[in-house]
Amino acid sequence: MSYRPLADEMRPQSLDEVVGQRHILGKDGLLRRIIESEQVPNMVFYGPSGTGKTTVANIIAQRTNRTLRRLNATTASLSDIKDVIAEVGTLMAPNGVLLYLDEIQYFNKKQQQSLLEFIESGDITLIASTTENPFFYVFNAILSRSTVFEFKTVTAEDILPAIDRGIAAMEKRLNVEAQCEEGVREHIAASCGGDVRKALNAVELLFSSGKVHKGKLPVKLADAQLVAQRSAMRYDRDGDNHFDTASALMKSMRGSDPDAALHYLARLLEAGDLITAIRRILCSASEDVGMAYPQAAAIVKACCDSALQLGLPEAKLPLAQAVVLLATAPKSNSVCAAIDAAMADVRAGKAGEFPRQLQNVHADSAGMEREQGYLYPHNFPGHYVKQQYLPDTLVGTRYYEFGPNKTEQTAKRYWDEIKGED
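Structure report, in brief. (Residues numbered from 1 in each chain as written. Predicted model: local features only at pLDDT ≥ 70, side-chain atom pairs only at ≥ 80, totals over all residues. Heavy atoms only, no water.)

**Examining the pairing of strand 3 (residues 97-102)**
Which entries qualify depends on this criterion: We call a residue buried when its accessible area falls under 20% of the maximum for its residue type, exposed when it is over 50%, and partly exposed in between, using a 1.4 Å probe and counting protein chains only. Only runs of H or I of at least four residues qualify as helices and only runs of E of at least two qualify as strands under DSSP, and these elements are numbered from the N terminus. Strands pair, by our definition, only if DSSP identifies at least two bridges between them.
Among the 6 residues in strand 3, 6 count as buried, and that is most of the element. Alternating positions in strand 3 separate into two faces, Val 97, Leu 99 and Leu 101 on one and Leu 98, Tyr 100 and Asp 102 on the other, with burial throughout. The pairing of strand 2 (residues 67-72) with strand 3 spans 6 bridges and is parallel. Opposite Arg 70, over in strand 3, you have Tyr 100 as the bridge partner. Both strand 3 and strand 4 (residues 124-130) contribute to a ladder of 5 bridges, which runs parallel. Bridged to Leu 101 within strand 4 is Ala 128.

In structure tokens form, the structure reads like this:
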């Protein structure tokens, strides 16, 4: 008898057995209603691996009595597509073909376009899956003819029943009684990163490596921790998760939540992505803290330099220091708002001539004999004198507004007094 992986053996045969995805497969879920109607349109399944995309495609093929053909876009070619199309209308596919195209983002435009004629006619029902955002990676011609469903990461609570079924199946396969230490099931469920396949693979490995004594097989928590180590990480430097993690780190620092910021930093460091962490941290120092605590930029730069010199794993220390500093520092986006407004005016063509007093004095030797009229601020009380600096077309424009924090309000009071402003 040939070997069959536990995850394949335990693959659900009905919608009720699918783990998670209640938002689309629950009692009143839209995808469930579509499948039960057996009038299945072209669809794109989007979500992490191990969340049931392939399983649901198999169930759809069974429910609609269509011939299921599977292609993986990482290895498939145009000739493979033509072979599937050639089956339409033959005895091999009397009720049409349901083509499950995994990782469609790896198909180029020509390959995707080759499917259009046949999915429009209904001879082929396309179910494409992708772990990346389809609106970025799937061509519009396919998207406009498909309905997109998002498969979400399965929670640990939802995975526990699948683990229990896997344990029962392995007990039956090996004719043993499992004796699981407390916390084994929960650890596998929590550490598999929402991937049911990973959880069942861990169960199978624990049973296969265990030692049976008098018909009983002890399953130890230490072994479960070793089998499942680092498996909860979902990270792809070129994928959505990379950008989501970087975004979450930045927004947590901006939101003054040091615990969340440390969590997302830990994700980046566990994935070995030191550069992304440093880039976000350096940016946050000026974008989110800015003038509320100007020294943060210098301190954070020193932390990042130390991290680069130390390398991982020691780099975690100065970077954690920088993250906590930024998350707990007073916040101001006045610098960010000011430069964005100034650049918007420049892009809009609001520039104009330099005021005469700001021009380079060397211009006077090129036939410009009129007096420049520049007033040197250091020659005046308070090192300030009122004169025009903006071009004529922008006189009166204000980009920078003092933030409501202690540092900027102190500066505002100082300059209000010097400039005689209210």
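**A look at the environment of Thr 155**
Tracing the backbone through its elements, the reader meets Thr 155 in the loop between strand 5 (147-150) and helix 10 (156-174). Between the C-alpha atoms of Thr 155 and Asn 201, which are 46 residues apart in sequence, the distance is 17 Å.

**A look at the packing of aromatic side chains**
Geometry of an aromatic ring pair is reported as the spacing of the ring centres plus the angle between the planes. So the rule is basically this: Centre distance within 6.5 Å is the pairing criterion for rings of Phe, Tyr and Trp, where only the six-membered ring of Trp is used; planes under 30 degrees apart are then read as stacked, over 60 as edge-to-face, and the remainder as tilted.
Inspection of the entire model under this criterion finds 4 aromatic pairs. Between Tyr 384 and Trp 415, the aromatic rings sit 6.2 Å apart at their centres with planes inclined by 65°, giving edge-to-face as the arrangement. A residue pair is termed long-range when its members are at least 10 positions apart, and Tyr 384 in the loop between helix 19 (334-347) and helix 20 (406-419) and Trp 415 in helix 20 qualify at 31 residues. Using a relative accessible area of 29% as the deciding quantity, one classes Trp 415 as partly exposed. With 5.0 Å between their ring centres and 75° between their planes, Tyr 400 and Phe 402 make a pair best called edge-to-face. Its relative accessible area of 27% is what places Tyr 400 among the partly exposed residues.

**Overview of the nonpolar core**
Heads up, the rule is: By nonpolar core is meant a set of buried Ala, Val, Leu, Ile, Met, Phe, Trp, Tyr and Cys residues that side-chain atoms within 4.5 Å join together. In what follows, a contact means two residues having at least one pair of non-hydrogen atoms within 4.5 Å.
Ranked by internal contacts, the top residues of the largest apolar core, which has 26 residues, are Ile 159, Ile 163, Ile 188, Val 196, Val 203 and Phe 207. Sort the elements by how many residues they give to this core and helix 12 (residues 196-209) lands first, with 7 residues. Excluding anything up to four places from it in sequence, Ile 163 contacts Arg 185, Ile 188, Ala 189, Ala 199 and Val 203. Formed by 24 residues, the second largest nonpolar core is a distinct cluster that contains Leu 269, Leu 274, Cys 303 and Ala 307.

**Digging into the pairing of strand 1 (residues 43-46)**
Alternating residues of strand 1 divide into Met 43 and Phe 45 and Val 44 and Tyr 46, and every residue in both groups is buried. Strand direction decides the pairing type here: strand 1 and strand 4, joined by 4 bridges, are parallel. Counted as the bridge partner of Val 44 is Ala 128 from strand 4. Across 4 bridges, strand 1 lies against strand 5 in parallel orientation. Across the sheet, the residue bridging to Tyr 46 is Glu 150, located in strand 5.

**Observations regarding unusual backbone geometry**
Each neighbour pair has its own omega, and for Leu 312 with Pro 313 the value is 10°, a cis peptide bond. A positive phi angle is found at Ser 256, which is not glycine, with a value near 60°. Classification of Ser 256 as partly exposed rests on a relative accessible area of 37%.

**A look at the packing of helix 3 (residues 30-37) against helix 4 (residues 53-64)**
For clarity, the threshold we go by: Between N-to-C directions, angles span 0 to 180 degrees; the directions come from axes that are lines fitted to C-alpha atoms, helices contributing only their stretch in contact. Put simply, angles under 35 degrees are roughly parallel, angles over 145 are roughly antiparallel, angles from 65 to 115 are roughly perpendicular, and the rest are oblique. Residue polarity follows a fixed list, in which Ala, Val, Leu, Ile, Met, Phe, Trp, Tyr, Cys and Pro are nonpolar, Asp, Glu, Lys and Arg are charged, and the others, Gly among them, are polar.
In the contact formed by helix 3 and helix 4, the axes pass within 9 Å of each other and the chain directions differ by 30°. One way to sum up the angle between helix 3 and helix 4 is to call them roughly parallel. Of helix 4, the residues touching helix 3 (which contributes Leu 31, Ile 35 and Glu 36) are Val 56, Ile 60 and Arg 63. The residue makeup of the contact of helix 3 with helix 4, split by class, is 4 nonpolar, no polar and 2 charged.

**As for the pattern of salt bridges**
What counts, and what does not: Salt bridge, as used here: a side-chain nitrogen of Lys or Arg that lies within 4 Å of a carboxyl oxygen of Asp or Glu.
Taken as a whole and judged by the stated rule, the model has 14 salt bridges. The shortest N-O distance in the salt bridge between Arg 173 and Glu 9 comes to 2.6 Å. In this pair, Arg 173 sits in helix 10 while Glu 9 sits in helix 1 (residues 6-9), placing the two residues 164 residues apart along the sequence. With a relative accessible area of 33%, Glu 9 lands in the partly exposed category. Note that Glu 87 is salt-bridged to Arg 69, the shortest N-O span being 2.9 Å. Of the two residues, Glu 87 sits in the loop between helix 5 (78-86) and strand 3 while Arg 69 sits in strand 2, which places them 18 residues apart along the sequence. Here the residues in one salt-bridge network are Glu 9, Arg 173 and Glu 204, joined through shared partners.

**Focus: the packing of helix 10 against helix 11 (residues 184-191)**
Where we set the bar: The hand of a helix crossing depends on one turn: near helix anticlockwise from the far one by less than a right angle means left-handed, and clockwise means right-handed.
At a minimum axis separation of 9 Å, helix 10 and helix 11 run at an interaxial angle of 125°. When the axes of helix 10 and helix 11 are compared, the pair comes out oblique. Crossing angle aside, the handedness with which helix 10 passes helix 11 is right-handed. When helix 10 is examined against helix 11, the residues Ala 156, Ile 159, Leu 160, Ile 163, Asp 164 and Ile 167 are found in contact with a partner set consisting of Arg 185, Glu 186, Ile 188, Ala 189 and Ala 190. When the residues that make up the contact of helix 10 with helix 11 are grouped by side-chain class, the tally is 8 nonpolar, no polar and 3 charged.

**Digging into the sheet that holds strand 1**
Strand order in the open sheet formed by 5 strands is 2-3-4-1-5, with parallel pairing between adjacent strands. Of all the strands in the sheet, just strand 2 and strand 5 have a single pairing partner and so form its edges. If you compare each strand with its neighbour and ignore which way they point, the axes differ by 20° on average. Sheet strands touched by helix 5: strand 2, strand 3 and strand 4. Its angle to strand 2, the strand with the most contacts, is close to 175°.

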